[in-house]
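Descriptive structure summary
Given next are the chains, with one letter for each unit.
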Amino acid sequence: MNDTPITRRTLIAGAAAAAGGALIANIGDADAQQKPTAPIPPPAAPVDPTKVPGGPTTAVGTRSSFVNPQRAPVGEITGTSYAPLQDLTGTITPSDLHFTRIHAGVPAIDPAKHTLLIHGLVDRPMEFTIADLKRFPAVTRTYFIECAGNGRAAYRTPKPQMTPQQVDGMFSTSEWTGVLVSTLFREVGVHSDAKWFLAEGGDACLMARSVPVSKGRDDALVAYAQNGEAIRPEQGFPIRLVLPGYEGNTNVKWLRRLKLGTEQFMTRWETSKYTDPLPGGKVRMFSLEMDAKSLITSPAYPEKLTGPGWWPITGLAWSGRGRITRVDVSVNGGESWAEAELLTPLISRAPVRFQYLWKWAGDETMIMSRAVDDQGYVQPTMAQLKAARGPGTDYHFNSIRAWRIARDGTVTFEAAT
Amino acid sequence: MKRLPILTAALILAACKIDARNDYLGDKEPQRFDLGRAASTAQVAAVDIDVAPSGAGLPAGSGTAAQGAPLYATNCASCHGANGEGKPPAYPQLIGGPKGTFDFASDFKIPRTVGNYWPYATTLFDYIRRAMPLAAPGSLTPDQTYAVTAYLLSREGIIPDGTSLDAKSLAAIQMPARSHFVADDRRGSTGGKNVR
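These numbers were taken from a predicted model, which means no experiment stands behind them.

1. Digging into the overall build of chain A
Check the secondary structure of chain A and you find 8 helices and 23 strands. Within chain A, the proportion of its 417 residues that are buried is 49%. Long-range pairs, those at least 24 residues apart, make up 70% of the contacts in chain A between residues at least 6 apart in sequence.

Take a look at the structure:
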């Protein structure tokens, strides 16, 4: 039993590993980074898979080679890679497809050397190792993270040929496990006059945001796990801040420091960026909560309805302020609305998957969805949002999204609602 | 009869001492767990780099726009352009946004630059020290950081050319945009129903 027989499969696996090594060695090659990964052609499936033995067990599973969901674009160290929302079902985003927004690359961090320092207005400035953090009582909770700028391209440069990924792909959901910030606050003894804390990441730009202490005491967590395993490097390995319902940027990744203070720290990411111009010469800052929003992920571009008949309309709805209570769907361009079925549990600051069964008669029309949250907030139209914030509005693009259905079944994006 | 199981369940639940965390089943959670280590003053000082609008956190040192110009050309111009025009969206425009009006809500194409949009001059120092230049963050000395900050502020007409920036003079700068920034009012007193 000690001898591992060398089989053809072992040899193939070895060759694959060697090829992987070659890819890693190529990382410095700028051209290699820029080129999108070509889809791997599916292997020839046997004519009858019930008549030949299948493949062996493997150490790490892979997707069926018949499916190929991918983030895009890739290869930048200051930018975004969008999650392929049109390829996903349910509410959880597979960790390797979670959208990525980075400002100075994805740092490689040795968890044995990484610590979280908490200082400022505290009784006891302290540092915690990852092992320390895992000894505190854990919580496991499902929350979405949405970039504050999600939907900007669809607002500024809308095109009919935009996929759900391109429209709103800076949105993902995970089951996060970690320690409540309130637990850590007790451990260090946060002073009563502390009103804001700075959360700072250990990436190459030391990304930092100010967060209300009340949010830290409420539902914030320092997460070390995502969907049942260690957080992925792109999502903050070994630890990140998770601020349920807050704009993505404040959910600081690669978290290394929390500093308690009396006022906002006014970093670049809460002054020059992540602020929202308003009519009357004003700019809103610390607009931290994400407004309620929804998006139909199917039917959507580039899908094509193959003919009249039943087509389930499905999508996601969420609110940074609480629970979604209702999702309405219109199949006639907003003339009338009907309540959609909510397929998943209604969790505060987590998305819900909705479904509406639609019998398409073959006419040209527009389909759209509208989220309602437990504050009574109704997802606005584009016209309403522009009236409230001005056409130069930035961040928090939560207007109703529409998909235009042509007679031939072609589906295209429509931003103006 | 239908009510009986519900009543029984309610009685069982009432009999259990339920912690605020509903899934808590162990010994009573203490105020502190005595995990982690005390951080020394030196440990904190090594990473305590943030700069507040009051100027708290600014290091000793100084620099002028004249000293900053060659530093900008060497370290910043490749991304932000020789004249601070930037390469948006990855590399923002820093210099040359329209001055005198504040009407960004009318058109998202209006450039938001240091002089017309940044509410605090201290943020410039904080950000450059944290993050710039992109390829070698943390490589500028405090003097050089003051100099690049002075260069940008002088190009934007915020400070006279010859100004030597240090902790005191940087914190004293009043940025034109500052009075335009307001707190989040979206939830308001109406429970967040309104589109704002």
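Moving on from the coordinates now.
2. Here we look at the domain arrangement of chain A
Residue and element names in this part refer to chain A. One can read the domain layout of chain A as domain 1 (115-284) and domain 2 (293-414). Here the C-alpha centre of domain 2 lies 28 Å away from the C-alpha centre of domain 1. Counting residues at the interface gives 27 residues for domain 1, matched by 23 residues for domain 2. If you list the elements that add at least two residues to the side of domain 1 that touches domain 2, you get strand 5 (139-146), helix 4 (152-156), helix 5 (164-168) and strand 13 (276-278). Of the residues in the side of domain 1 that touches domain 2, the class split is 15 nonpolar, 8 polar and 4 charged.

3. Observations regarding the nonpolar core
Among soluble globular proteins, nonpolar side chains are generally buried collectively. Residues and elements named next belong to chain A. A199, L221, V222 and I367 are the most contacted members of the largest nonpolar core, which has 140 residues in total. Here this core spans two domains, and each of domain 1 (115-284) and domain 2 (293-414) adds at least three residues to it. In contact with V222, other than residues within four places in its own chain, are L116, L133, G178, V179, V181, L184, I239, L241 and L255.

4. Things to note about the sheet that holds strand 18 (residues 338-339) of chain A
All names here are of chain A. Read across the open sheet, the 5 strands follow the order 18-17-21-22-23; overall the sheet is antiparallel. Unpaired on one side and paired on the other, strand 18 and strand 23 (411-414) mark the two borders of the sheet. Examined bridge by bridge, strand 17 (residues 324-330) and strand 21 (residues 365-373) share 6 bridges and lie antiparallel to one another. When the bridges of strand 21 are listed, I324 appears paired with D373.

5. Quick word on the packing of helix 3 (residues 65-75) of chain B against helix 7 (residues 142-155) of chain B
Residues and elements named next belong to chain B. Packing of helix 3 against helix 7 brings their axes to within 7 Å, and their N-to-C directions diverge by 95°. Considered as vectors, helix 3 and helix 7 are oriented roughly perpendicular to each other. Residues A65, Q67, G68, A69, L71 and Y72 of helix 3 form the contact with helix 7, whose own contacting residues are Q144, A147, V148, A150, Y151 and S154. Residues that form the contact of helix 3 with helix 7 fall into these classes: 8 nonpolar, 4 polar and no charged.

6. Quick look at the pairing of strand 6 (residues 171-180) of chain A
All names here are of chain A. In terms of burial, strand 6 is a largely internal element, 9 of the 10 residues being buried. Bridge analysis of strand 6 against strand 9 (residues 221-226) gives 5 bridges, and the strand direction is antiparallel. Within the sheet, the bridge partner assigned to L180 lies in strand 9 and is L221.

7. Describing the sheet that holds strand 19 (residues 341-342) of chain A
Residues and elements named next belong to chain A. The sheet built from 4 strands is open, its strands ordered 15-16-20-19 with antiparallel pairing. Each of the sheet's edge strands pairs with one partner strand only, and the pair in question is strand 15 (293-298) and strand 19. Pairing geometry for strand 16 (residues 309-318) and strand 20 (residues 352-360), over 9 bridges, is antiparallel. Note on strand 20: the bridge partner recorded for G309 is W360.

Cut-off values and rules
Residues numbered from 1 in each chain as written. Chains lettered and ligands numbered in written order. Predicted model: local features only at pLDDT ≥ 70, side-chain atom pairs only at ≥ 80, totals over all residues. Helix = DSSP H or I, 4+ residues; strand = E, 2+ residues; numbered from the N terminus. Buried ≥ 20, exposed ≤ 12 C-beta atoms within 10 Å, placed from the backbone. Contact = placed C-beta atoms within 7 Å. Domains from an automatic or database assignment. Nonpolar A, V, L, I, M, F, W, Y, C, P; charged D, E, K, R; others polar. Core = buried A, V, L, I, M, F, W, Y, C linked by C-beta atoms within 7 Å. Pairing = 2+ DSSP bridges. Axes fitted to C-alpha atoms, helices over the stretch in contact; angles between N-to-C directions. Parallel < 35°, antiparallel > 145°, perpendicular 65-115°, else oblique.

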